[in-house]
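Fold and geometry: a report
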Amino acid sequence: ALYEWTGQHVTTYIAGHLLERMGYKVEYVTAGSFPSATGLADGDITAALELWSNSMGEVHPKYIAEGKTIDLGDTGIETRLGWLYPKHMEKDCPGLPAWDAFLACSELFATAETFPKGRFLDYPADWGVSSTNFIRSKGLPFVPISAGSEGAMIAELKSSVQRKSPLVMKMWAPHWILSKVEHGWIEMPQDLATEAELVPPRAFNVAWRGLKDKWPAAYRFLVAYKITNAIQEQLIDQIDNGGQDVSVATAKWIDENRPYWEPFVDAATKQ
C-alpha cells in the first residue's frame with residue numbers, strides 16, 4: 001500500500017525492490033491509511049509499511065487485536081511529533097519555545113483572516129484532526145486551518161522562512177525540510193502533549209494474516225526489514241527537491257548500499 005507522504009513511499013519502494021530481487025512480483029496500490037485496513041484484512045493488500053500510530057485511526061488496531069492483520073514490528077525510524085515554528089519567530093517572541101510564552105504571543109501568529117487569534121496550520125483533514133480538536137477543546141487563542149497536502153505544508157514553511165512571516169504548524173520527523181530550515185518545537189507540558197496526541201508515535205509495518213503461510217520468505221524479510229531517518233531524509237530530498245522518480249531513486253540507493261540491506265534478505269532466505 002502507498003500512503004500520502006513521500007517518506008512512506010521510500011520505505012515501501014525499498015522493500016518492494018528487494019522483494020523483487022528475491023523473486024517476487026510486487027504491485028503498489030494507492031490506498032490511504034484508513035481504507036487500507038479493510039484491504040489488509042481481506043487480503044486484497046498484502047502489506048502496509050510505516051503506519052503511524054497517531055494517525056492510523058481505530059480500525060487498524062481493531063483488526064490487529066482480532067487477528068485479521070499482523071503487526072510486523074517497527075520500521076526503524078525515530079519519530080517526533082509536535083508543533084513547529086520557523087526560528088525567526090523567536091526574535092519577536094523571545095520566550096519561545098516555552099508553552100506560556102507561545103500562548104502569550106499568539107497574536108504574532110495571526111493573519112488578516114484570524115486576527116486577533118493566531119493561525120495554526122494542521123495536518124490535512126484525512127490524516128486526523130487531533131490538534132484542531134485540542135485547540136478548540138482548550139479554547140486556545142488560535143484558529144486551526146487544515147493543510148491541503150504535505151506539499152502545501154512544506155510550501156508554507158519554506159515561504160514563511162523566506163518572507164519572515166508568522167507560522168506555527170503541526171509537523172513530524174523525519175522529514176527532509178527539517179535539515180533545510182532553522183526551526184523550533186513548542187515545549188508543550190507533557191500532560192497536555194499526551195492529551196493532544198503529540199507523544200512520539202510508533203511507526204510500524206502491518207500485513208495480511210495469510211502472508212506468513214503463503215509467502216514465508218517475504219514475511220521473514222518484512223519482519224527483518226528496517227529503515228533509518230538518515231536514509232529516508234536523503235531520499236525524500238532527492239525525490240521532492242531533486243525531481244527524481246521514487247522508484248528510480250530507491251533502486252539506485254539499493255545498488256549503492258548492499259551492505260545495509262543484505263542482512264534483511266539473508267534473514268529471509270537463509271533458513
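First, a word on scope: everything that follows refers to the structure included in this document. It should be emphasised that the depicted structure is a prediction, and the values quoted were computed from it without experimental measurement. (Residues numbered from 1 in each chain as written. Predicted model: local features only at pLDDT ≥ 70, side-chain atom pairs only at ≥ 80, totals over all residues. Heavy atoms only, no water.)

1. Overview of helix 12 (residues 246-256)
For the record, the criterion: Burial status follows relative accessibility: with a 1.4 Å probe on protein chains alone, a residue under 20% of its type maximum counts as buried, one over 50% as exposed, and anything between as partly exposed. By definition, any uninterrupted DSSP run of H or I lasting at least four residues is a helix, any uninterrupted run of E lasting at least two residues is a strand, and each is numbered from the N terminus. As used here, the arc belongs to the directions running from the helix axis to the C-beta atoms. In what follows, a contact means two residues having at least one pair of non-hydrogen atoms within 4.5 Å. Under the rule applied, a polar contact is a pair of N or O atoms within 3.5 Å (in protein, one hydrogen donor and one hydrogen acceptor; residues adjacent in sequence only if both atoms are side-chain atoms).
For helix 12, the complete set of buried residues consists of Val-246, Ala-249, Thr-250, Trp-253 and Ile-254. Seen from one end, helix 12 has its buried residues packed into an arc of 140 degrees, which puts them on one side. Every exposed residue of helix 12 that faces more than 90 degrees away from the buried side is listed here: Val-248, Asp-255 and Glu-256. Those residues of helix 12 that are buried lie in contact with helix 1 (6-21), helix 11 (229-240) and helix 13 (258-269). For helix 12, the N-terminal capping position is held by Asp-245, with its side-chain oxygen 2.9 Å away from the main-chain nitrogen of Ser-247.

2. Focus: the pairing of strand 6 (residues 169-173)
Stated formally: The pairing criterion for strands is at least two bridges between them, as found by DSSP.
In terms of residue burial, strand 6 counts as a mostly covered element, since five of its five residues are buried. Here strand 6 shows a buried face lined by Met-169, Met-171 and Ala-173 and a second buried face lined by Lys-170 and Trp-172. As paired elements, strand 3 (residues 80-86) and strand 6 share five bridges and run antiparallel to each other. Bridge pairing links Gly-82 to Met-171 in strand 6.

3. With respect to the nonpolar core
Where we set the bar: Working definition of a nonpolar core: buried Ala, Val, Leu, Ile, Met, Phe, Trp, Tyr and Cys residues. They are joined through side-chain atoms within 4.5 Å.
Core analysis: the largest hydrophobic core is formed by 85 residues, its most contacted members being Ile-14, Trp-83, Met-171 and Phe-221. If you tally residues by element for this core, the top one is helix 1, at six residues.

4. Points about helix 6 (residues 130-138)
For helix 6, the full list of buried residues reads Ser-130, Ser-131, Thr-132, Phe-134 and Ile-135. The inward-facing, buried residues of helix 6 contact strand 3, helix 5 (99-104), strand 4 (118-122), strand 5 (142-146), strand 6 and helix 8 (190-195). Following helix 6 by one or two positions, Gly-139 adopts a phi angle in the positive range, close to 65 degrees.

5. Comments concerning the pattern of salt bridges
Oppositely charged side chains are able to pair whenever their charged atoms sit close together. Put simply, the rule reads: Salt bridge criterion: a side-chain nitrogen from Lys or Arg within 4 Å of a carboxyl oxygen from Asp or Glu.
Evaluated as defined, the whole model comprises twelve salt bridges. Among the ionic pairs, Glu-195 bridges to Lys-138, the shortest N-O distance being 3.1 Å. Residue Glu-195 is located in helix 8, and its partner Lys-138 is located in helix 6; the two are separated by 57 residues in the primary sequence. For Glu-195, a relative accessible area of 44% gives the class partly exposed. Because the salt bridges share partners, they merge into one network encompassing Lys-62, Glu-66 and Lys-68.

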